[in-house]
Amino acid sequence: MNPIIYVVATPIGNLKDITFRAIDTLLSVDLVVCEDTRVTKRLLQEYEIDKPTISYHLHSKLSKIDEIIAVLKEGKSIALVSDAGTPCISDPGSFLINKAREEIGEELKIIPIPGPSAITTALSATGFTDSSFLFLGFLPHKKGRETLFNEIAITERTVVFYESPHRFMKALESLQKVLQPKRKIGVARELTKMFEEIKIGTVSEIIDYYNQNKDKVRGEFVIMVAPMS
Ligand code: SAM
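None of the values given here were measured: they were computed from a predicted structure. (Residues numbered from 1 in each chain as written. Predicted model: local features only at pLDDT ≥ 70, side-chain atom pairs only at ≥ 80, totals over all residues. Heavy atoms only, no water.)

*Asks:* Can you explain the site of the ligand? Please cite residues and give values.
*Replies:* As a matter of local geometry, the ligand sits amid 19 residues, with Ile12, Thr86, Ala118, Tyr162 and Phe221 nearest to it. One of the backbone nitrogen or oxygen atoms of Thr86 is found 2.8 Å away from an oxygen atom of the ligand. Take Phe221: an N or O atom from its main chain is 2.6 Å from an oxygen atom of the ligand. At the level of elements, strand E7 (158-163) and strand E10 (221-225) are the ones that each hand at least two residues to the shell around the ligand. For the shell around the ligand, a count of residues per class yields 10 nonpolar, four polar and five charged. Looking at the shell around the ligand, you find at least three residues from each of domain 1 (4-113) and domain 2 (118-225). (Near = heavy atom within 4 Å. Polar contact = N/O pair within 3.5 Å; in protein donor to acceptor, adjacent residues only side chain to side chain. Helix = DSSP H or I, 4+ residues; strand = E, 2+ residues; numbered from the N terminus. Nonpolar A, V, L, I, M, F, W, Y, C, P; charged D, E, K, R; others polar. Domains from an automatic or database assignment.)

*Asks:* Describe the sheet that holds E10, naming the residues involved and giving the relevant values.
*Replies:* The strand order E6-E7-E10-E8-E9 describes an open sheet built from five strands, whose pairing is mixed. The two strands at the open ends of the sheet, each matched to only one other strand, are strand E6 (133-138) and strand E9 (197-202). Going from strand to strand, the sheet's axes swing by 15 degrees on average, the running direction of each strand aside. Sheet analysis places strand E8 (residues 184-189) next to E10, joined by five bridges and oriented antiparallel. Of the residues in E10, the one forming a bridge with Ala188 is Val222. Against the sheet, helix H6 (residues 145-154) engages E6, E7 and E10, with an angle of about 150 degrees to E7. Those strands touched by helix H8 (residues 203-212) are E8, E9 and E10, and its axis lies near 135 degrees from that of E9. (Pairing = 2+ DSSP bridges. Axes fitted to C-alpha atoms, helices over the stretch in contact; angles between N-to-C directions. Contact = heavy atoms within 4.5 Å.)

*Asks:* Describe the domain arrangement of the protein chain, naming the residues involved and giving the relevant values.
*Replies:* According to the domain assignment, the protein chain consists of domain 1 (4-113) and domain 2 (118-225). The C-alpha-based centres of domain 1 and domain 2 are spaced at 29 Å. Residue-level contacts link six residues of domain 1 with 10 residues of domain 2. Where domain 1 abuts domain 2, roughly 570 Å² becomes buried across the two surfaces, and 63% of that area is made up of carbon and sulfur atoms. The largest share of the area that domain 1 buries against domain 2 comes from Ile12, Ile89 and Ser90, three residues that together contribute 75% of it. Counting the contacts that link domain 1 with domain 2 gives two residue pairs in polar contact (both at pLDDT 80 or more). In terms of residue class, the side of domain 1 that touches domain 2 is built from two nonpolar, three polar and one charged. (Buried area = accessible area lost by both parts, 1.4 Å probe.)

*Asks:* Any chance you could break down the sheet that holds strand E3 (residues 53-55) for me, citing the residues and the numbers?
*Replies:* Reading across the sheet, the five strands line up as E3-E2-E4-E1-E5 and stay open at both edges, with parallel pairing between neighbours. At either margin of the open sheet sits one strand with a lone partner, and together these are E3 and strand E5 (109-113). The sheet shows a mean angle of 25 degrees between the axes of neighbouring strands, taken without regard to direction. As paired elements, strand E2 (residues 31-34) and E3 share three bridges and run parallel to each other. Across the sheet, Val32 pairs through a bridge with Thr53, a residue of E3. Relative to the sheet, helix H2 (residues 37-46) contacts E2 and E3, its axis offset from that of E3 by approximately 150 degrees.

Okay, here's the thing in structure tokens:
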């Protein structure tokens, strides 16, 4: 049997957002490789999937990665999942995939099982793009951050990035400094969850809103900048 890594997209909040194929795949594999086992076990329990899990993150010891690759070398299949959404999009999956490909070579099959991602979910509700957009992942915390905001300001296309609640207001303030005042932005917070919120407006309007609703500066955020009109 050829070793297989199934790269399985999982929900970004609402546990019902999972495909039949993702469930079938999770039921079929020998091992589920995840970020936080507690998060993945909640999903597996919801669908009564009883599979061994092993956690994997960027700072995992090489021995752990070796353990996962050893399972593949036995001709077994694994599912790679992340805490939320599509693996390898702003999370550590790519390192594992590249290492496994390097060590196992052509024999290794990599099969994507598509599903939700915060990027597409957020964009789908804004009408900010019908074709291209630029996705920047998480912006750097310090070095290069301001330069990137200047680049966003002159980019004509829709720009999308992820931001943590701690840096959310700072990101809006940086956008306010560089964007043309009328350019719209979108904020998608807690998508598919109980407190889901999608706001669209100029940066000043959005800053005013969150200054008046400080309790809402929490959870998970996607920030989008509308294309230049
Ligand atoms: N792989 C994931 C994907 O496909 O979207 C992204 C993983 S990244 C480590 C996590 C970031 O994605 C969060 O900090 C947030 O910016 C965004 N995100 C994930 N789930 C979200 C949600 N339910 N609502 C809004 N943003 C979310």
